[in-house]
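# Residue-level structure breakdown
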Amino acid sequence: MLDILSHRVVYSDRRFYSAFPSAATLADGTVLVAFRRARDHRWLHGEPAEGSGDFDSVDHVDSRSHLVMQRFSPDFEPLGEPQALPTDPEAGDQDANLLALRSGRIVLGGFSWYPMSARHGARLREKGVHLLGNPDTSGTFFLFWGGNTRFSDDGGRSWSPHRYLPELPDQGPIIPGVRPMLGGAVRGRAVEAPDGTLLMATYTGGPYTSYLYASRDQGETWELRSTIACDADGKAGFCETALHLTGDGRLIAFHRTTGLKDHLVTSVSHDLGESWEPWQQTAVVGHPYDACPLPDGRLLVVYGYRHKPYGVRARLWDPSKGSLGKGSLDDAPEFVIRDDAPSPDTGYPWATVLADGRVVVCYYLCDAGGIRHIQATLLRVRG
């Protein structure tokens with residue numbers, strides 16, 4: 001059972017579109033919450049978005065997009081002001097994915113968009129290059145720049161430069177002869193294996209395919225290990241994949257999907273991602289997913305729910321009882337954490353266990369005026 005203790009605003013500013021959070025509890029009990037922040041130009045009009053016809057006028061690309069980190073005490077009280085993290089000199093950052101290692105190092109995964117003028121965008125489009133955005137809505141065109149990681153050895157106070165992932169050989173280049181497909185996009189929990197190997201999922205579109213990268217040196221370098229899930233017919237897609245490593249060595253991937261009516265798909269590996277069993281569709285509906293390990297061995301699986309009523313939901317699952325794809329997760333009771341979001345542009349939850357055993361689930365949603373911001377719900381998990 002889950003008891004909802006309180007809802008809290010983590011960060012809100014009408015000048016920014018804040019979204020896609022992640023959270024990690026450090027060894028001293030400190031909690032880090034990282035999220036993507038980008039400009040929201042609606043405040044320049046001097047009027048609320050509510051009733052103006054501009055309620056959903058936000059975009060997932062912005063030339064000034066960057067990551068922000070907020071530090072919290074073990075009681076989840078804010079410590080100081082939010083810190084804007086350094087950006088790639090050439091590109092805007094998108095999505096934050098925290099992983100606290102046993103050594104104390106913190107690894108932060110993400111991906112970036114390269115902004116360019118309409119003139120240069122038009123020239124690239126003539127060459128068949130895929131771009132996102134347009135000058136009328138996002139102010140410029142954007143080129144996918146690649147997945148990357150960086151790390152901190154001082155509790156998240158300073159960070160290494162962006163390090164882009166190795167090329168995906170089965171994907172065409174971003175720009176032939178100029179920029180290969182570096183890793184793909186990163187969204188979802190990574191894991192640290194008992195031997196110290198780090199495992200992180202990425203994805204690309206056309207159709208959406210999920211990949212696994214591995215690091216044997218604490219995130220200094222990465223190598224492509226395998227394709228997690230792909231539909232050869234292109235009817236289903238797999239993206240924004242979260243990972244969990246069970247006590248008996250099963251690596252479980254939780255996929256957001258396309259073409260499957262928003263159903264969760266899972267993949268299982270018994271050799272740390274060297275090979276994968278065929279993917280399995282579940283009855284769970286929502287996206288994307290985070291699988292937070294609890295002290296008693298169970299998983300708290302949280303996910304956004306972009307169907308009315310919009311919000312965030314969760315299921316408690318014991319991976320030691322039964323196996324995924326055979327009804328165990330499907331049969332786990334669904335808990336509604338939030339069902340009051342006024343827009344389907346909501347969710348992307350990420351959970352972490354506090355030092356006292358409570359759980360905090362971070363996510364984004366919007367208020368009545370349309371301002372996207374980061375909130376958190378504190379939970380108590382019972383037997």
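See the structure shown above.
Residues numbered from 1 in each chain as written. Predicted model: local features only at pLDDT ≥ 70, side-chain atom pairs only at ≥ 80, totals over all residues. Heavy atoms only, no water.

## Quick notes on the overall build of the protein
- The helix and strand tally for the protein stands at two helices and 24 strands.
- Here the C-alpha atoms of the protein give a radius of gyration of 20 Å, agreeing with the 21 Å that 2.2 N^0.38 yields for 383 residues.
- C-alpha atoms of the protein, sized along the principal axes, occupy 60 × 45 × 45 Å.
- Residues classed as buried in the protein amount to 58% of the 383 residues present.
- Long-range pairs, those at least 24 residues apart, make up 55% of the contacts in the protein between residues at least 6 apart in sequence.
- Only carbon and sulfur atoms are counted for the fraction: they give 50% of the accessible area of the protein, which is about 15,600 Å². (Helix = DSSP H or I, 4+ residues; strand = E, 2+ residues; numbered from the N terminus. Rg over C-alpha atoms; globule rule 2.2 N^0.38 Å. Buried < 20%, exposed > 50% of the residue type's maximum accessible area, 1.4 Å probe, protein only. Contact = heavy atoms within 4.5 Å. Areas by Shrake-Rupley, 256 points an atom, 1.4 Å probe, with all protein chains shown as cover.)

## Some points on the pairing of strand β24 (residues 372-381)
- Summarising burial for β24: eight of the 10 residues are buried, a large majority.
- With eight bridges connecting them, strand β1 (residues 2-11) and β24 associate as antiparallel partners. Within β24, the residue paired with valine 9 across the bridge is glutamine 375.
- Inspection of the sheet shows strand β23 (residues 359-366) paired to β24 by eight bridges, in the antiparallel sense. Considered in β24, the bridge of tyrosine 364 is made with isoleucine 374. (Pairing = 2+ DSSP bridges.)

## Re the side chain of glutamate 240
- Counting through the fold element by element, glutamate 240 comes out in strand β14 (residues 237-245).
- Only 2.8 Å separates the side chain of glutamate 240 from the side chain of arginine 256, close enough to count as a polar contact.
- At 2.7 Å, the side chain of glutamate 240 and the side chain of tyrosine 348 are in polar contact.
- Excluding its chain neighbours within four sequence positions, the residues that come into contact with glutamate 240 are Arg187, Tyr203, Phe254, Arg256, Pro288 and Tyr348. (Polar contact = N/O pair within 3.5 Å; in protein donor to acceptor, adjacent residues only side chain to side chain.)

## Topic: the sheet that holds strand β21 (residues 334-338)
- In spatial order, the strands read β18-β19-β20-β21; together these four strands make up an open sheet with antiparallel pairing. Across the chains shown, the open sheet's two edge strands, defined by having one partner strand only, are β18 (289-293) and β21. Shown here is a sheet whose adjacent strand axes are inclined to one another by a mean of 25 degrees, direction ignored.
- Bridge analysis of strand β20 (residues 311-317) against β21 gives four bridges, and the strand direction is antiparallel. Following the sheet pairing, alanine 314 is matched in β21 by phenylalanine 335. (Axes fitted to C-alpha atoms, helices over the stretch in contact; angles between N-to-C directions.)

## Focus on the sheet that holds strand β10 (residues 191-192)
- In space, the four strands of this open sheet follow the order β10-β11-β12-β13, with antiparallel pairing throughout. Each having just a single partner strand, β10 and β13 (223-229) make up the two edges of the open sheet.
- As defined by bridge partners, strand β11 (residues 198-204) adjoins strand β12 (residues 209-215) across seven bridges and the pair is classed as antiparallel. Each bridged residue has a counterpart across the sheet, and for methionine 200 the counterpart in β12 is tyrosine 213.

## What about the environment of leucine 379?
- Tracing the backbone shows leucine 379 in strand β24.
- With a relative accessible area of 0%, leucine 379 lands in the buried category.
- Considering only alpha carbons, one finds leucine 379 and phenylalanine 76, 303 residues apart in sequence, at a separation of 12 Å.
- Leave out the neighbours within four places in its chain, and leucine 379 touches Leu2, Asp3, Ile4, Leu5, Leu300, Ile337, Arg358, Val359 and Val361.

## As for the nonpolar core
- Counting residues in hydrophobic clusters, the biggest one holds 32 residues, and the most contacted among them are Leu131, Leu143, Phe144 and Trp222.
- Where this core is concerned, the elements lending two or more residues are β7 (106-116), β8 (141-152), β11 and β12.
- No other element matches the six residues that β8 contributes to this core.
- If sequence neighbours within four positions are ignored, leucine 143 has contacts with Ser112, Trp113, Tyr114, Met116, Val129, His130, Leu131, Ile174 and Ile175. (Core = buried A, V, L, I, M, F, W, Y, C linked by side-chain atoms within 4.5 Å.)

## Observations regarding the side chain of glutamine 375
- Take glutamine 375: it is sitting in strand β24.
- Classification of glutamine 375 by relative accessible area gives buried; the value is 10%.
- Within polar-contact distance, the side chain of glutamine 375 engages the side chain of arginine 338 at 2.8 Å.
- Among the polar contacts listed, one links the side chain of glutamine 375 to the side chain of histidine 373, at a separation of 2.9 Å.
- The residues touching glutamine 375, leaving out its near neighbours within four places in the chain, are His7, Arg8, Val9, Val10, Arg338, Val361, Cys362, Tyr363 and Leu365.

## A closer look at unusual backbone geometry
- In this chain, glycine 206 is followed by proline 207 through a cis amide linkage whose omega measures -10 degrees.
- Mapping proline 207 onto the fold places it in the loop between β11 and β12.
- Its identity as a non-glycine residue notwithstanding, tyrosine 348 has a phi of 50 degrees, on the positive side.
- With respect to the helices, strands and loops of the structure, tyrosine 348 is situated in strand β22 (residues 347-353).
- We classify tyrosine 348 as buried; its relative accessible area is 4%.

## Some points on the environment of serine 320
- Here serine 320 is to be found in the loop between β20 and α2 (328-331).
- Remark: the alpha-carbon pair of serine 320 and glycine 247, spanning 73 residues in sequence, is separated by 8.4 Å.

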